[in-house]
Amino acid sequence: MSDTQTLIENRPPSVANLFLDRVAATPDAEAYRYPVPPSSGQGPDGWKTLSWAQAAERVYVIAAGLIDLGVRPEERVALASSTRVEWILADLAILCAGAATTTVYPQTNVDESAFILADSESRVLIAEDAAQLAKVQEKRAELSDLTHVVVLDAAGVETGDGVLTLAELEERGAAYLEKHPGLIEERVAAITKDQLATLIYTSGTTGRPKGVRLPHDNWSYMAKAMAATGLLGPEDVQYLWLPLAHVFGKALTSGQIEVGFVTAVDGRVDKIIENLPVVQPTYMAAVPRIFEKVYNGVAAKAREGGAAKFRIFQWAAGVAREYAKARQDTFRRTGTASVPFGLSAKHRVADALVYAKLREAFGGRLRACVSGSAALAPEIGYFFAGAGIHILEGYGLTESSAASFVNPGEAYRTGTVGKPLAGCEVRIADDGEVLLRGPGIMQGYHKLPEKTAEVLESDGWFHTGDIGELSADGYLRLTDRKKDLIKTSGGKYIAPAEVEGRFKAICPYVSNILVHGASRNFCTALIALDEAAIVEWAKENGMAGKAYADIVAAPATVALIEGYVKELNQGLQRWETIKRFRLLPRDLDVEHGEVTPSLKLKRPVVEREYKHLLDEMYAGTREA
């Protein structure tokens, strides 16, 4: 048996066990970093730290507090909060109490929040602030199982009548632990691997979300499998901003506990650019939209600097892509990454002019990023790779505990999601669907046996709904979601995500694009522009001070984007080309339900919302 197999197979039943082991092994090592207001006197950098032992002190009293509230093993405790250190501490406390976490995105509306709390039969809600508390109070009469709400930020919150602050819960827990000093160790020792640990509700594009049941063993496996990749070591510093209500963020916290590196936690997306030079991470996970925004921002800034500066950027971007492709190609063939001398010389010049500044913006120490949740346009991936920011695409679903595939370090291949994690089996069905089996697969959907049976076979194979192909040496390339594939009225199949990804690599002003054409005689697109980028462009083109909606409606803007659409079409098959497009009056967002909290496009929602624009593009047309 290999060392990797031993690591995976000899795993404990729960991440709670791993947490206790980590605290015992490195109690004084730094575990978490988190931001504090400058006025708090914590130093000029505004960040505070917790050692593993300090984190454990808080986890244990929160766990004991929940037990004192009457929470029993496997009963659900919901968490409705943005990403912050208290989210991680509360989740670990729930696990150490033997209970199960129900995750709720803070952006979730009142009705859906109430549905999740009721369907999960959550006994306690840990809410971030008064706004999250207000959602529950509006529906309190419908939530018969909910006995208490614990609020992290007490500002504007009236306690009493089942509402208490996190500080009050910790006080209760500390008093309870004094009377029952071995309580947490006993609860953790009693956890079995099949016991429910987490209920994550998938944000479905239609109908109610489904609760995915993930037992303790899923997270213990995920922690060990992530450690087995060798991508991270104890000296690494992770910057964590992803939503912890999402399975991707949750998996990252499990891997950290097993390896023992530092995690800097701040879920404020608008603070990423400001935080990176301060935190100086060596590792960061993100979703493609973040890399797209950075790329578009760099391109827009270069354009603002004048024609000469923009030409330099375009040249450097081309060199980066050529350099990355050459390195990956030679590594694939020979096992050594090398490039021709002439290209290497151009790359050194481009590095001094462009890439070094880009790496500095990421903190200057970034070894690798992992990108997941949706496909990253290969041309954007190659750009960053050539600039020395290595984006390792990975793949997984809520139903597979997030990570099933990841690109293997130096051997990564842009445009693929890498190889399966140790212990994960994969096969491609006759129709191209990717099937997975292994310790990361869910138990099923909560209270939905029929829905479970639709995707999970009796022998453990899970139907992902994604179309893909495996290379001879085991790299997976995804084409599209099975349900998203477009079949035109002419019988041609199109993968919209692939076309959309190409457009994002060409057009520096795009934020979101939806390619439409199912049962139609040609393809069209709905395009939303990045507000910051297009407003800057507008300033230079006689539209300074105009509102976003006015800018996107202007003929000059339409002509600008039309140029990029024509460029896109040159590289597509005839039946894939975009014959017509419309610019949307605003960007797509989570609040309107058009993208998920992990920034994935909800196609049916967008197509319903803008049906009038789609119909307008096809009105009175014949085969184009």
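Model, not experiment: these values are computed from the prediction.

Peer 1: Before we go on, may I ask you to explain the overall build of the chain in this structure?
Peer 2: A tally of helices and strands in the chain yields 22 helices and 26 strands. Relative to the globule expectation of 25 Å for 624 residues, the C-alpha radius of gyration of the chain, 25 Å, shows essentially globular dimensions. Taking the principal axes of its C-alpha atoms as reference, the chain extends roughly 75 × 55 × 55 Å. Looking at the chain as a whole, 55% of its 624 residues qualify as buried. Counting 69 positive and 80 negative side-chain charges, the chain places the centres of these two groups 6 Å from one another.

Peer 1: Would you mind going over the packing of aromatic side chains with me for this structure?
Peer 2: One pair of aromatic rings is described through two measures. These are the centre distance and the angle between the planes. Per the counting criterion, the structure on display carries 13 aromatic pairs. Pairing Phe 310 with Phe 313 gives two aromatic rings, centres 6.4 Å apart and planes at 20°, and the pair type is stacked. One end of the pair, Phe 310, and the other, Phe 313, are both in helix H13 (residues 307-334), 3 residues apart, so they sit about a helical turn from each other. The residues Phe 310 and Phe 313 share a single accessibility class, namely buried. Among the aromatic residues, ring-to-ring pairing joins Phe 291, Tyr 295, Phe 310, Phe 313, Phe 362, Phe 383 and Phe 384 into one connected group. The ring of Tyr 445 is capped by Lys 210, whose NZ or CZ atom sits 5.1 Å from the centre of that ring.

Peer 1: Could you clarify how one ought to interpret H13 in this entry?
Peer 2: At 3.6 residues per turn, the α-helix brings residues three or four places apart onto the same side. Between its first and last C-alpha atoms H13 spans 40 Å; for 28 residues at 1.5 Å apiece the expected length is 40 Å, and the two agree. Taken together, the buried positions of H13 are occupied by Phe 310, Phe 313, Ala 316, Ala 317, Val 319, Ala 320, Arg 321, Tyr 323, Ala 324, Ala 326, Gln 328 and Thr 330. Among the structural elements, helix H12 (288-304), helix H14 (341-361), helix H15 (378-386) and helix H17 (496-506) are those in contact with the buried residues of H13. Gly 335, located one to two residues past H13, shows a positive phi value of around 85°.

Peer 1: I tried to follow the environment of Arg 427 on my own but got confused; where do I start?
Peer 2: Mapped onto the secondary structure, Arg 427 falls in strand S17 (residues 425-428). The spatial distance from the C-alpha of Arg 427 to the C-alpha of Ala 25 is 39 Å, given a sequence separation of 402 residues. Beyond its immediate chain neighbours, meaning those up to four positions away, Arg 427 contacts Glu 433, Val 434, Leu 435, Glu 457 and Trp 461.

Peer 1: Got a minute to help me understand a nonpolar patch on the surface in this structure?
Peer 2: Nonpolar side chains collect at one region of the surface, where Ile 312, Trp 315, Val 349 and Leu 353 lie side by side and expose about 330 Å² of accessible area between them. Listing elements by their share of the nonpolar patch, those giving two or more residues are H13 and H14. Within the secondary structure, Leu 353 is located in helix H14. With a relative accessible area of 41%, Leu 353 lands in the partly exposed category.

Peer 1: For this particular structure, what's the right way to read the side chain of Ser 14?
Peer 2: Tracing the backbone through its elements, the reader meets Ser 14 in the loop between helix H1 (3-9) and helix H2 (15-25). Looking at Ser 14, the relative accessible area reads 0%, which means it is buried. A polar side-chain atom of Ser 14 sits 2.9 Å from the main-chain amide nitrogen of Ala 16. Discounting residues that sit within four places of it in the chain, Ser 14 has contacts with Ile 191, His 216 and Ser 220.

Peer 1: I'm lost on the sheet that holds S17 in this one. Help?
Peer 2: Strand order in the open sheet made by the 4 strands is S17-S18-S20-S21, with antiparallel pairing throughout. Because the sheet does not close on itself, it has two edges, and the strands there are S17 and strand S21 (476-481). Between one strand axis and the next, the sheet turns by 45° as a mean value, whatever way the strands run. Bridge count between strand S20 (residues 462-470) and S21: 5 bridges; the pairing is antiparallel. From the neighbouring strand, Gly 468 faces S21, where its bridge partner is Leu 478.

Peer 1: Is there a simple way to explain the packing of H2 against helix H10 (residues 247-259) in this structure?
Peer 2: Each packed pair of helices is defined by two parameters, the angle between the axes and the distance between the axes. At a minimum axis separation of 8 Å, H2 and H10 run at an interaxial angle of 40°. Classified by the angle their axes make, H2 and H10 are oblique. Taken as a pair, H2 and H10 cross one another with a handedness that is left-handed. Touching Val 15, Leu 18, Phe 19 and Arg 22 of H2 are Ser 254, Ile 257, Glu 258 and Val 259, all from H10. When its residues are assigned to classes, the contact of H2 with H10 shows 5 nonpolar, 1 polar and 2 charged.

Peer 1: So what exactly am I meant to see when it comes to the nonpolar core here?
Peer 2: Note that soluble globular proteins tend to have their nonpolar side chains buried in a common cluster. Counting 142 residues, the largest nonpolar core has Phe 19, Tyr 32 and Phe 384 as its most contacted members. For this core, the leading source of residues is helix H3 (residues 52-68), giving 11 residues. Ignoring any residue separated from it by four or fewer positions in sequence, one finds Phe 19 in contact with Trp 52, Ala 55, Ala 56, Val 59, Tyr 60, Leu 92, Cys 96 and Ile 257. In terms of nonpolar packing, the next biggest core, distinct from the first, is built from 32 residues, Tyr 509, Ile 513, Ala 525 and Ile 561 among them.

Peer 1: Mind showing me how you'd approach the pairing of strand S25 (residues 523-529) here?
Peer 2: Each regular strand shows side chains that alternate between the opposite faces of the sheet. With 7 of its 7 residues buried, S25 lies for the most part within the structure. Every second residue of S25 is oriented toward a common face, with Cys 523, Ala 525, Ile 527 and Leu 529 on one face and Thr 524, Leu 526 and Ala 528 on the other, all of them buried. Here strand S24 (residues 510-516) runs beside S25; their pairing, made up of 6 bridges, is antiparallel. Bridge pairing in S25 places Leu 514 opposite Leu 526.

Peer 1: What exactly am I supposed to notice about the pairing of strand S1 (residues 30-35) here?
Peer 2: By the bridge criterion, 5 bridges tie S1 to strand S2 (residues 47-51) in an arrangement that is antiparallel. The partner of Pro 35 across the bridge, within S2, is Trp 47. As judged from the 2 bridges shared by S1 and strand S11 (residues 262-265), these two strands associate in the parallel manner. Following the sheet pairing, Tyr 32 is matched in S11 by Thr 263.

Peer 1: Even after reading the chapter, I still don't get the pattern of salt bridges, so can you show me in this structure?
Peer 2: Side-chain pairing between opposite charges can occur once the charged atoms of the two side chains come close. The final tally for this structure, using the stated rule, is 38 salt bridges. The residue Arg 289 makes a salt bridge to Glu 292 at a minimum N-O spacing of 3.3 Å. Of this pair, Arg 289 and Glu 292 both sit in helix H12, 3 residues apart, which is roughly one turn of the helix. An identical accessibility class is assigned to Arg 289 and Glu 292; each is buried. In this structure, Glu 616 and Arg 582 form a salt bridge, with 2.8 Å as the shortest nitrogen-oxygen distance. Taken together, the residues span a long stretch of sequence, with Glu 616 in helix H22 (residues 611-618) and Arg 582 in strand S26 (residues 578-583) at a distance of 34 residues. What makes Glu 616 partly exposed here is its relative accessible area of 43%.

Each value, and the rule that gives it
Residues numbered from 1 in each chain as written. Predicted model: local features only at pLDDT ≥ 70, side-chain atom pairs only at ≥ 80, totals over all residues. Heavy atoms only, no water. Helix = DSSP H or I, 4+ residues; strand = E, 2+ residues; numbered from the N terminus. Rg over C-alpha atoms; globule rule 2.2 N^0.38 Å. Buried < 20%, exposed > 50% of the residue type's maximum accessible area, 1.4 Å probe, protein only. Lys, Arg positive; Asp, Glu negative; His and termini not counted. Charge placed at Lys NZ, Arg CZ, Asp CG, Glu CD. Phe/Tyr/Trp six-rings, centres within 6.5 Å; stacked < 30°, edge-to-face > 60°. Lys NZ or Arg CZ within 6 Å of the ring centre and 35° of its normal. Expected span 1.5 Å × (residues − 1). Contact = heavy atoms within 4.5 Å. Patch = residues over 30% accessible without salt bridge, like charges linked within 9 Å, V, L, I, M, F, W, Y side chains within 5 Å. Areas by Shrake-Rupley, 256 points an atom, 1.4 Å probe, with all protein chains shown as cover. Salt bridge = Lys/Arg side-chain N within 4 Å of Asp/Glu carboxyl O. Polar contact = N/O pair within 3.5 Å; in protein donor to acceptor, adjacent residues only side chain to side chain. Pairing = 2+ DSSP bridges. Axes fitted to C-alpha atoms, helices over the stretch in contact; angles between N-to-C directions. Parallel < 35°, antiparallel > 145°, perpendicular 65-115°, else oblique. Left-handed = near helix turned anticlockwise from the far one by under 90°. Nonpolar A, V, L, I, M, F, W, Y, C, P; charged D, E, K, R; others polar. Core = buried A, V, L, I, M, F, W, Y, C linked by side-chain atoms within 4.5 Å.

Everything listed here is a matter of geometry and, on its own, says nothing about what the molecule does.
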